[in-house]
Amino acid sequence: MGGYVIILFYCITCIVSALYMLNTGMYGGEAYSVGRVHFSFIEIIIHLLIVVFGYFYIYHFYNRTKDKKTKYKIRCNVKRLDKLYFIFLIISWVLFVTAGVGSVVGGGKSSLSFIGAILNVRTLFPFYYILARRKGLFYPLNILLFCGLRLSQGWTGFFWDLMLMEVLIRFQNFRFNRIRIGYAIIIPFVIIYGGGLVYSLIYPIKQYIRFKQITFETLTIEEGVNKLLDRITFFSQSLASIQTVDLTARVYQTYSHTFGEVKAIFRPLIPGFMMDKDFASLSLCIKQSFVDYEAEGTYLNVGIFSYGYNLMKSDFLSFIIWIILMVILFKIFSLIIRSLDSKHKHVLYFILVLNVYNLGSIETIYSYMYLTLLYMCPIFLVTRTVKIVKLAN
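Below, the structure is looked at part by part. Computed from a prediction, not measured in an experiment: that's the story for all the values here. (Residues numbered from 1 in each chain as written. Predicted model: local features only at pLDDT ≥ 70, side-chain atom pairs only at ≥ 80, totals over all residues. Heavy atoms only, no water.)

Observations concerning the side chain of Ser342
And step 1. Positionally, Ser342 belongs in the loop between α15 (316-338) and α16 (345-359).
And step 2. We classify Ser342 as buried; its relative accessible area is 15%.
And step 3. There is a polar contact of 3.2 Å between the side chain of Ser342 and the backbone nitrogen of His344.
And step 4. Not counting residues within four places of it along the chain, the set of residues in contact with Ser342 comprises Ile130 and Leu131. (Helix = DSSP H or I, 4+ residues; strand = E, 2+ residues; numbered from the N terminus. Buried < 20%, exposed > 50% of the residue type's maximum accessible area, 1.4 Å probe, protein only. Polar contact = N/O pair within 3.5 Å; in protein donor to acceptor, adjacent residues only side chain to side chain. Contact = heavy atoms within 4.5 Å.)

What follows is the structure in C-alpha cells.
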C-alpha cells in the first residue's frame, strides 16, 4: 500500500500543476520562465492522462516484478556497515569543511572531489537506511551526521527521500480494505501539507547557505506547499520541454558532443584528467531552452517520455543507445536490489522504478545514484561487509 500512496501523491501533484496551467495559461515550477502555454485544453488533458496512466502502470509493474526470485543472495554485516558508513561520513565532513567538497556552491571544483565521489555517502544512504535499520547507537548517529552534512552543504532533497522511504516501509505490508483505501487517499494530502510546513522551515536555512542572505526569507505554509509541489512534480517541465524541443535540439547540437548523452554516463565515474567533461547534457540543454541566460547545473526533471522525445529529436542514434542501456542497466540493478537479504528491499526496488520514470536521464539515475557504488565494492568485499552467496537450487 505504501507504493500506492506515493503514486497517488505524484498523480495529485501532476493534476495540481495541470490545473494551474489551465487556469493561468502559464507554466509553473522550473518551467515558469518559458511563459505562455502553447497547447490546447485537450492537449494538456491528454498529456496529463498519459503521465497519470504511466504512474499506475509502473506501480503495476513494480507489484508484478518485485518478488522475482534470484540465484544469489547479497548479505550484509550490519555492524561493519555501521562503522564503514560512519568513517565515510567523517571523511565527507572533513572534505566539506576544509575544501567545500559536496557543497551546492562550487562543490565539484575542488581537487579533492574525487575522494567524495569514491566515498559517496549520498549514493549509499538509501541502502544504508534500509539495510542497517534497527535500534542501536550507530544507526541514528549516522542518520543525523548525514542529514547535518547535506543540510550544511545546501541540499534539502534528503528530507523527501526520508519521507518516501518511511511511507514505503511503514505501509509495506498493509492490505487494502475500505478504511485503508480512505487512508491511502488522505495520506498524500497529509504529505503535501506536512511537507509544505517542513519546507517553509528549512527554506531560510537553505537560502542562507546558498546565497549567504543575512536576513532569512521566511515562507508561509501555503508558499512552502507551492514550492514543494514545484520541486516534486515534473509535469510542467515535461510539457514545456515538448514546446521548446526544437530549440533544445539546436542547443544540444551546439554545446554537446556526438553521442554526448552516452558519454555523459561516465562523467561522474572518471576523473577530469582522463576525460573531457566540458559538454552539455541533454538535461542542461532542456534547461537552457527555458531561459535567455546561461543555465547552470545538469539536473532538470522532465519525466521519461519527454526526455526520450527530446533526445530522439536531438540525437537519434543516442536515443536508440539510450533505450538499450536503460533496459540493460535497469535489469542489472533491479537484480542486485532483489538479491539483497533484507525484508525492506522492496523499498529500494520501488525507488529505482520511480526514478527511471521520473527522471529518464541515465547519467542522473545510474551514474550519480547507483554506478558510483562500484567504487565502494572493493572496500565492502575486502572488509567482508558484503558477502555474495549462491542459493541452492
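Some words on the packing of aromatic side chains
And step 1. Tallied over the full model, the rule gives 31 aromatic pairs.
And step 2. With 3.9 Å between their ring centres and 5° between their planes, Phe125 and Phe146 make a pair best called stacked. Pair noted here: Phe125 is in helix α5 (residues 121-131) and Phe146 is in helix α6 (residues 138-152), with a separation of 21 residues, a long-range link. The exposure classification of Phe125 matches that of Phe146, with both residues buried. (Phe/Tyr/Trp six-rings, centres within 6.5 Å; stacked < 30°, edge-to-face > 60°.)

Some remarks on the nonpolar core
And step 1. One finds Tyr55, Phe127, Tyr129, Leu352, Tyr366 and Tyr370 to be the most contacted residues of the largest nonpolar core, which totals 110 residues.
And step 2. The leading source of residues in this core is α16, at 11 residues.
And step 3. Those residues within four positions of Tyr370 in sequence are excluded, and the remaining contacts are Thr123, Phe127, Phe333, Ile337, Ile351, Leu352, Asn355 and Ile365. (Core = buried A, V, L, I, M, F, W, Y, C linked by side-chain atoms within 4.5 Å.)

A short note on the environment of Ile351
And step 1. Structurally, Ile351 can be placed in helix α16.
And step 2. With relative accessibility at 12%, the residue Ile351 sits in the buried group.
And step 3. Here the alpha-carbon distance between Ile351 and Gly28, two residues 323 residues apart in the chain, equals 26 Å.
And step 4. Filtering out sequence-adjacent residues up to four positions away, Ile351 remains in contact with Leu164, Met165, Leu168 and Tyr370.

Considering the packing of helix α1 (residues 2-24) against helix α10 (residues 235-243)
And step 1. At a minimum axis distance of 8 Å, the contact between α1 and α10 shows a crossing angle of 55°. With respect to α10, the axis of α1 lies oblique. Mapping the contact onto sequence places Cys14, Ser17, Ala18 and Met21 in α1 and Phe235, Ser236 and Leu239 in α10.
And step 2. Residue classes in the contact of α1 with α10 are distributed as five nonpolar, two polar and no charged. (Axes fitted to C-alpha atoms, helices over the stretch in contact; angles between N-to-C directions. Parallel < 35°, antiparallel > 145°, perpendicular 65-115°, else oblique. Nonpolar A, V, L, I, M, F, W, Y, C, P; charged D, E, K, R; others polar.)

Regarding the pattern of salt bridges
And step 1. Counted under the stated rule, the structure contains four salt bridges.
And step 2. Between Asp341 and Arg75 there is a salt bridge, with the nearest N and O atoms lying 3.5 Å from each other. Pair noted here: Asp341 is in the loop between α15 and α16 and Arg75 is in strand β1 (residues 72-76), with a separation of 266 residues, a long-range link.
And step 3. Exposure remark for Arg75: the relative accessible area of 38% places this residue in the partly exposed category.
And step 4. Here the salt bridges do not stand alone but share partners, grouping Arg133, Glu166 and Arg170 into one network. (Salt bridge = Lys/Arg side-chain N within 4 Å of Asp/Glu carboxyl O.)

Observations concerning a positive patch on the surface
And step 1. A cluster of basic residues, Lys79, Arg80, Lys83 and Arg384, forms a positive patch at the surface.
And step 2. Note that Arg80 resides in helix α3 (residues 78-99). (Patch = residues over 30% accessible without salt bridge, like charges linked within 9 Å, V, L, I, M, F, W, Y side chains within 5 Å. Areas by Shrake-Rupley, 256 points an atom, 1.4 Å probe, with all protein chains shown as cover. Lys, Arg positive; Asp, Glu negative; His and termini not counted. Charge placed at Lys NZ, Arg CZ, Asp CG, Glu CD.)

With respect to helix α9 (residues 221-232)
And step 1. If you check α9, its first and last C-alpha atoms are 16 Å apart, about what 12 residues at 1.5 Å a residue would give, namely 16 Å.
And step 2. Within α9, burial applies to Gly224, Val225, Leu228, Leu229 and Ile232. What you see down the axis of α9 is that its buried residues fit within an arc of 130°, all on one side. (Expected span 1.5 Å × (residues − 1). Arc of directions from axis to C-beta.)

Here's the deal with the side chain of Lys345
And step 1. If you trace the backbone, Lys345 turns up in helix α16.
And step 2. Put simply, Lys345 is tucked away with no salt bridge, and the nearest opposite charge, on Asp341, sits 6.7 Å away.
And step 3. Here Arg338 takes part through its backbone oxygen, which lies 2.9 Å from a polar atom of the side chain of Lys345.
And step 4. When residues no more than four places from it in sequence are discounted, the contact partners of Lys345 are Lys73, Ile130, Ile337, Arg338 and Leu340.

A closer look at a nonpolar patch on the surface
And step 1. Taken together, the side chains of Tyr309, Met312, Phe316, Leu317, Ile320, Ile323, Ile324, Val327, Ile328, Ile332 and Ile336 present a nonpolar region at the surface, about 910 Å² in accessible area.
And step 2. In terms of residue count, the dominant contributor to the nonpolar patch is α15 (nine residues).

Focus: unusual backbone geometry
And step 1. The backbone of Arg384 sits at a positive phi, close to 60°, despite the residue not being glycine.
And step 2. Here Arg384 lies in the loop between α18 (373-382) and β2 (386-390).
And step 3. Look at Arg384 and you get exposed, because its relative accessible area is 60%.

Section: the packing of α1 against helix α7 (residues 157-170)
A pair of packed helices is characterised by two quantities: the angle between their axes and the separation of those axes.
And step 1. Across the interface, α1 lies against α7 with an axial gap of 7 Å and an inter-helix angle of 135°. On the basis of their axis angle, the class for α1 and α7 is oblique. Taking contact as the criterion, the partners of Gly2, Gly3, Val5, Ile6, Phe9 and Tyr10 in α1 are, on α7, Trp160, Leu164, Val167 and Leu168.
And step 2. Split into classes, the residues belonging to the contact of α1 with α7 amount to eight nonpolar, two polar and no charged.

What about the environment of Met369?
And step 1. Locating Met369 in the fold gives a position in helix α17 (residues 362-371).
And step 2. Along the backbone, Met369 and Gly102 are 267 residues apart, and their C-alpha atoms lie at a distance of 14 Å.
And step 3. Setting aside residues up to four positions removed in sequence, Met369 forms contacts with Arg122, Thr123, Asn355, Leu359 and Thr364.

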